[in-house]
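Here is what each chain is made of, one letter per residue.
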Protein chains: 2
Amino acid sequence: MLNLSSTQKAYLAGFLDGDGSIYVRLKPNTDYKYGFQVAPYVILFQSSKERKKFEKVCSLIGLGYIRERKDRILEYTIGREKAIKFFLKMVIPYLILKKKQAILTLEILDMKMKIKNKNDFQALMNKIDIFRNLNYSKKRKKHVLTS
Amino acid sequence: MLNLSSTQKAYLAGFLDGDGSIYVRLKPNTDYKYGFQVAPYVILFQSSKERKKFEKVCSLIGLGYIRERKDRILEYTIGREKAIKFFLKMVIPYLILKKKQAILTLEILDMKMKIKNKNDFQALMNKIDIFRNLNYSKKRKKHVLTS
């Protein structure tokens, strides 16, 4: 990641607010201690017609990768925790639409570092469920540890 | 329009690049001297689920109006020439994806002020046709004055 100016950070905040997404998913995965992988994402979207210029925007960030979906939408995904923390801390001061999601993601990643037992993990799951309301998802299923 | 800081201008540039549109339309209209109205637009889009926060973004600009489309997408439209000039001059230094469209729009509005005859208007129409390539429109019909 380049050393960005305050206006470059504000630009990226505007881009993320306009056409981006911030969320944390709980992926069922028995390889993980509590049966779920905690997967945070920051994604920027753009039509593939604008690939070159979109690459220029993404190169400012330099923390993720671009993939093209079947519907020809480009997605620039930041998936590594360290990269997400770094990026979100940088844009949070300028975010308007997605500030809550950004703060919540940082809180979740902090909680995740401190998990010691099942109760801690359940608390983390509850916090992740808040995204369902913030992002207006239609799926409002609550996550509960059963075992 | 409020007196914006450089980071607010950069934020709006990012928002416009992420989820906005800049273009000039030629609307056939016999009320006008050369048979066409020259109609420039700057539009920001957002899901109507985010209306409150989107209104906050739009209030930074304060030059247009919000309407809700039937598909529940909100459009914030800046349509007055003076407002468009003011807004574009402000965000151009920070635009990446839509910088060409912004500069072209300002050039078109300048040309429009100086029109003296049919030839001038035809030149203006040719310039407006450049948008069809920039914005990857499928309609590539060229505009020609026939009368």
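Just above sits the structure.
Residues numbered from 1 in each chain as written. Chains lettered and ligands numbered in written order. Predicted model: local features only at pLDDT ≥ 70, side-chain atom pairs only at ≥ 80, totals over all residues.

## Structural notes on the relation of the copies chain B and chain A
Copy one and copy two of the chain differ by a rotation about an axis and a translation along that axis. Mapping chain B onto chain A calls for a rotation angle of 180 degrees and an axial translation of 0.0 Å; the resulting RMSD is 0.0 Å. In the structure described here, the two chain copies are related by an operation that fits a two-fold rotation axis. A share of 100% of the interface residues of chain B reappears at the interface of chain A, consistent with the copies meeting face to face through the same patch. (Least-squares fit on C-alpha atoms with pLDDT ≥ 70 in both. Contact = placed C-beta atoms within 7 Å.)

## Structural notes on the nonpolar core
Counting 46 residues, the largest nonpolar core has A:Tyr11, A:Ala13, A:Val91, B:Tyr11, B:Ala13 and B:Val91 as the members making the most contacts within it. The contact partners of B:Tyr11, leaving out residues within four places of it in the chain, are A:Ala10, A:Tyr11, A:Ala13, A:Gly14 and A:Tyr94. (Core = buried A, V, L, I, M, F, W, Y, C linked by C-beta atoms within 7 Å. Buried ≥ 20, exposed ≤ 12 C-beta atoms within 10 Å, placed from the backbone.)

## Some points on the interface of chain B and chain A
Listed as interface residues are 22 residues of chain B and, on the opposing side, 22 residues of chain A. The set of elements that each furnish at least two residues to the side of chain B that touches chain A consists of helix H1 (6–19) and helix H2 (51–61) of chain B. Among the elements that line the side of chain B that touches chain A, the one with the most residues is H1(B), at 11 residues. Here the residues of the side of chain B that touches chain A sort into 11 nonpolar, 5 polar and 6 charged. (Helix = DSSP H or I, 4+ residues; strand = E, 2+ residues; numbered from the N terminus. Nonpolar A, V, L, I, M, F, W, Y, C, P; charged D, E, K, R; others polar.)

## What to know about the pairing of strand E2 (residues 36–47) of chain B
Residues and elements named next belong to chain B. Both strand E1 (residues 20–28) and E2 contribute to a ladder of 9 bridges, which runs antiparallel. Bridge pairing in E2 links Tyr23 to Tyr41. Taken together, the 6 bridges between E2 and strand E4 (residues 73–78) define a ladder with antiparallel strand orientation. By the bridge assignment, Phe45 is partnered in E4 with Glu75. (Pairing = 2+ DSSP bridges.)

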